[in-house]
Amino acid sequence: YDVAKLIQTLGAARKPVVGWLSELPMQGGFDPASGQPTEPWVVLTQAQELFDVRPLEPTLTQIDPAIEVLVLVHPKTLTPAARFAIDQFALRGGRILLFVDPLAESDTSAAEPGNPLAAFGAERASKLDDLLDAWGVQFDRANAVGDLNYGITVSMQPGAPPSRHIGILGLDQSALAADDVATATLGNINLASSGYVAPAEGAGTRFEPLLQTSVDAAPIPAQRFEMLMDPDTLRDGFKSGGKRLALAARVTGKVRSAFASGLPAGVTLPDGTVALVESQQPLNLIVVADSDLLSDFLWVRQQNFFGQRVAQAWANNGDFVWNAIDNLAGSGDLIS
């Protein structure tokens with residue numbers, strides 16, 4: 001794979017084009033809760049160096065044919081026209097890296113200046129059910145995952161004693177797919193209030209887990225993570241399910257349109273064009289049931305070095321994302 005990828009890269013005259021649609025404040029800006037400006041997320045700034053990243057909006061009506069890989073981060077308010085455009089992109093054989101989340105910790109859409117509690121209790125789950133169903137993926141928006149084995153020790157408040165948090169997972173190599181190029185060379189990946197994905201019943205796509213829990217894991221209602229002060233309470237009544245849950249997976253194969261029964265309201269097609277109802281080329285999708293793994297606090301430390309902002313990685317979250325995009329941007333032979 002490395003040799004074939006090197007040959008392809010040397011023969012390419014340009015960087016792969018990546019469409020990036022995020023409903024999280026990855027570009028940086030202003031945090032209403034703290035009243036402070038925020039820096040762009042490292043995973044995005046590094047991706048912009050590696051790829052030709054083109055930002056997209058939740059109100060998009062079409063996807064530029066030049067886009068080779070579509071990155072979707074916490075889709076939550078996509079218009080019907082945007083979901084239809086993504087559906088058609090997938091049916092054309094589009095390559096998609098999707099991050100969904102039952103509780104996106106970085107979702108500040110409901111935050112108010114001077115009121116850091118305003119966002120709590122607001123809907124912070126991703127919403128893409130119709131497309132996931134069409135792609136043969138089951139995602140439970142109501143539940144996060146607890147894991148007695150991979151839960152890491154944290155201190156929730158200054159001065160508080162550290163305790164095991166079974167909802168913040170520190171995955172090691174035993175949790176990563178050893179035979180997939182996106183994860184084979186990585187050592188550790190951290191997630192927070194992650195969900196899980198599974199193949200839908202009767203799905204015609206191939207489902208291959210990339211990140212998995214241990215067998216000492218089980219779903220926990222996502223609402224229990226809201227205003228959580230003592231992570232020990234997550235173990236109250238917790239019972240291991242006895243099986244591994246997929247936190248991320250590669251999904252491939254031919255699919256049908258989520259809009260096969262008709263165009264969504266407000267969508268019209270140009271004269272002479274017809275909506276696709278089934279795959280022209282197989283779908284190549286990597287779906288991750290957590291968006292928080294993209295956040296700096298889970299994998300990178302920021303330092304000021306003589307006025308320069310320097311990032312030092314202590315986990316492989318960023319490597320996983322860049323590997324996934326790099327792999328999806330390759331030829332079909334390389335992806336498989």
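For the structure itself, look to the data block above.
Owing to the predicted nature of the structure, the values given are computational and were not obtained by experimental measurement. Here the residue numbers are simple positions, counted from 1 along each chain's written sequence. Only residues with pLDDT of 70 or above have their local features reported here, since the model is predicted, and side-chain atom pairs are shown and tallied only from 80 upward, although totals for entire chains, interfaces and linings are computed over all residues. To get the side-chain values, all heavy atoms of the structure are used, and hydrogens and water are removed first.

Asks: I tried to follow unusual backbone geometry on my own but got confused; where do I start?
Replies: Peptide bonds are, in most cases, trans, and in most cases residues other than glycine have a negative phi. Here H74, not a glycine, exhibits a phi torsion of approximately 50°, which is positive. Within the secondary structure, H74 sits in the loop between β5 (69-73) and α3 (80-91). Helix numbering and strand numbering both begin at the N terminus, where a helix is a DSSP run of H or I of at least 4 residues and a strand a DSSP run of E of at least 2.

Asks: Before we go on, may I ask you to explain the pattern of salt bridges in this structure?
Replies: Close approach of charged atoms lets side chains of opposite charge pair. Salt bridge, as applied in this entry: a Lys or Arg side-chain nitrogen positioned within 4 Å of an Asp or Glu carboxyl oxygen. Considering all chains together, one arrives at 12 salt bridges under this definition. We note a salt bridge from R54 to D64, for which the minimum N-O separation is 3.7 Å. Of this pair, R54 sits in strand β4 (residues 52-55) while D64 sits in the loop between β4 and β5, placing them 10 residues apart in sequence. Partly exposed residues are those whose accessible area sits between 20% and 50% of the maximum for their type, while under 20% is buried and over 50% is exposed, using a 1.4 Å probe and protein chains only. Given the relative accessible area of 31%, R54 is considered partly exposed. D64 sits in the partly exposed class, given a relative accessible area of 40%. We note a salt bridge from R235 to D232, for which the minimum N-O separation is 3.1 Å.

Asks: How should I be thinking about the sheet that holds strand β11 (residues 189-192) in this particular structure?
Replies: What links the strands of a sheet is backbone hydrogen bonding, and the strands pair in either a parallel or an antiparallel sense. Strands are treated as partners if at least two bridges between them are detected by DSSP. Within the open sheet, the 3 strands sit side by side as β9-β10-β11. Their pairing is antiparallel. Whereas interior strands pair on both sides, the edge strands pair on one side only; in this sheet they are β9 (151-154) and β11. Pairwise comparison of adjacent strand axes, ignoring direction, gives a mean angle of 50° for this sheet. In terms of strand pairing, strand β10 (residues 163-171) meets β11 through 4 bridges, oriented antiparallel. Along β11, the bridge assignment pairs G170 with N190. All axes here are fitted lines through C-alpha atoms, helices being fitted over the stretch that makes contact, and every angle between N-to-C directions spans 0 to 180 degrees.

Asks: Can you walk me through the packing of helix α2 (residues 42-50) against helix α5 (residues 317-328) in this structure?
Replies: Contact geometry for α2 and α5: axes closest at 10 Å, N-to-C directions at 35°. Read as a crossing pair, α2 and α5 show a hand that is right-handed. On α5, the residues touching V42, V43, Q46, A47 and L50 of α2 are G318, V321 and W322. Taken together, the residues of the contact of α2 with α5 sort by class into 6 nonpolar, 2 polar and no charged. In this scheme, a crossing is called left-handed if the near helix is turned counterclockwise away from the far one by less than a right angle; it is called right-handed if the turn is clockwise. We call two residues in contact when some of their heavy atoms are within 4.5 Å. Polar here means any residue outside two lists: the nonpolar Ala, Val, Leu, Ile, Met, Phe, Trp, Tyr, Cys and Pro, and the charged Asp, Glu, Lys and Arg; Gly therefore counts as polar.

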